[in-house]
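Here is how the chains run, residue by residue.
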Amino acid sequence: MTSIAVGMTTVVPAGAAQTAAPRAEAVAEAKGPTATIQKKSSSKCTSPKGKKINISYKTGIVSTTFYFNNHCNQRRAFKVMGATGQKPPKFGTLACIAVNAKTKGKKKVRHPGFGVTHIQFVKKC
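Residues numbered from 1 in each chain as written. Predicted model: local features only at pLDDT ≥ 70, side-chain atom pairs only at ≥ 80, totals over all residues. Heavy atoms only, no water.

## A look at the sheet that holds strand S1 (residues 38-44)
Pairing within the open sheet is antiparallel, and its four strands lie in the order S1-S2-S3-S6. Two strands bound the open sheet, and with one partner strand each, they are S1 and strand S6 (104-110). The sheet shows a mean angle of 20° between the axes of neighbouring strands, direction not considered. (Pairing = 2+ DSSP bridges. Helix = DSSP H or I, 4+ residues; strand = E, 2+ residues; numbered from the N terminus. Axes fitted to C-alpha atoms, helices over the stretch in contact; angles between N-to-C directions.)

## Focus on the state of the cysteines
Applying the stated criterion across every chain yields a total of two disulfides. Here Cys45 connects covalently by a disulfide to Cys72, the sulfurs 1.9 Å from one another. Residues Cys45 and Cys72 are joined through a disulfide that is left-handed, its torsion about the S-S bond being -80°. A residue pair is termed long-range when its members are at least 10 positions apart, and Cys45 in the loop between S1 and strand S2 (52-58) and Cys72 in the loop between strand S3 (63-70) and strand S4 (76-84) qualify at 27 residues. You'll find Cys45 and Cys72 in the same group, each marked buried. Paired by a disulfide, Cys96 and Cys125 hold their sulfur atoms 2.0 Å apart. Disulfide Cys96 to Cys125: torsion about the S-S bond roughly -85°, handedness left-handed. Placement of Cys96 in strand S5 (residues 91-99) and of Cys125 in the segment after strand S7 (114-122) is noted, with a sequence separation of 29 residues between them. Judged by its relative accessible area of 33%, Cys96 is partly exposed. Since its relative accessible area comes to 53%, Cys125 is described here as exposed. Shown here for the protein chain is a disulfide pattern of 1-2, 3-4, where each number marks a bonded cysteine counted in sequence order. (Disulfide = S-S within 2.5 Å. Buried < 20%, exposed > 50% of the residue type's maximum accessible area, 1.4 Å probe, protein only.)

Pasting the structure below:
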């Protein structure tokens, strides 16, 4: 599996982070139906204790990019679950992504006709 490094982290003072967050939400609300919400999920590692795998994504119309950071000593996997906009909706697995130990990166998943509903952590793909 190929991993791609995610950009530099910006450090913001605690007081500034609290004032900046409401402005970002106001911009997202002003855009209307095209605005998407960033979703985050994590799962605990079996080793080392207290560490996690972190996943974040923002659902798109045709594709979604999943950003991951695996702090675990073992390979972790998750399924991207989705549904159609039809009535009745059809549900299913759109992709299964396996992340190597101690890896940080991103993966783009195309899903025309489906919308990402959630992710589900699994033992392996």
